[in-house]
Amino acid sequence: MKVSPLACLLASVTLIPPAQCDESPRRRVIEQKSALVQRVLGDSPVAQRIAANGSDQARTYLADASDQYRRALALAAAGQLDASETAIDNAMTLIGKARQLAPDRIQLESERR
């Protein structure tokens, strides 16, 4: 039995056996990127640091990344893999920009030297 593309994207965090998902290399890449973005946008140290100490721009980047992530899931569910991968890549870029505006302790100490 095949499951929907959205379910496949969430297979890493649900009880859906991965063998039931379409195992095309492209889809696997999107699933892996989506899982990473989901972890970062969730309750990760990066998200906590940005929420607590980041600039308004960093929080905006993180919110925009969340929007792009949701868009990527919807596009994947519709079978639009090119657009889905573009959206997930945009989310990853926005997360990177947000991280730069809310450096961690190690980054701050490195810059002081």
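Refer to the structure presented above.
None of these values were measured; they are calculated from a predicted model.

### Some remarks on the overall build of the chain
No. 1: Helix and strand counts for the chain come out as six helices and zero strands.
No. 2: Considering only residue pairs separated by 6 or more positions, the chain has 59% of its internal contacts joining residues 24 or more positions apart.

### What to know about the nonpolar core
No. 1: Membership of the largest hydrophobic core comes to 20 residues, with the highest contact counts inside it found for V37, I50 and I95.
No. 2: Listing elements by their share of this core, those giving two or more residues are α2 (25–41), α3 (45–53), α4 (56–77) and α5 (81–101).
No. 3: Among all residues touching V37, those that are not within four sequence positions of it are Y69, I88, A91, M92 and I95.

### Some remarks on the packing of α2 against α4
The packing of two helices is summarised by the inter-axis angle and the distance between the axes.
No. 1: In the contact formed by α2 and α4, the axes pass within 11 Å of each other and the chain directions differ by 150 degrees. By crossing handedness, the relation of α2 to α4 is classed as left-handed. In contact with R27, S34, V37, Q38 and L41 of α2, α4 contributes L62, A65, S66, Y69, L73 and A76.
No. 2: Residue classes in the contact of α2 with α4 are distributed as seven nonpolar, three polar and one charged.

Conventions we followed
Residues numbered from 1 in each chain as written. Predicted model: local features only at pLDDT ≥ 70, side-chain atom pairs only at ≥ 80, totals over all residues. Heavy atoms only, no water. Helix = DSSP H or I, 4+ residues; strand = E, 2+ residues; numbered from the N terminus. Contact = heavy atoms within 4.5 Å. Core = buried A, V, L, I, M, F, W, Y, C linked by side-chain atoms within 4.5 Å. Buried < 20%, exposed > 50% of the residue type's maximum accessible area, 1.4 Å probe, protein only. Axes fitted to C-alpha atoms, helices over the stretch in contact; angles between N-to-C directions. Left-handed = near helix turned anticlockwise from the far one by under 90°. Nonpolar A, V, L, I, M, F, W, Y, C, P; charged D, E, K, R; others polar.

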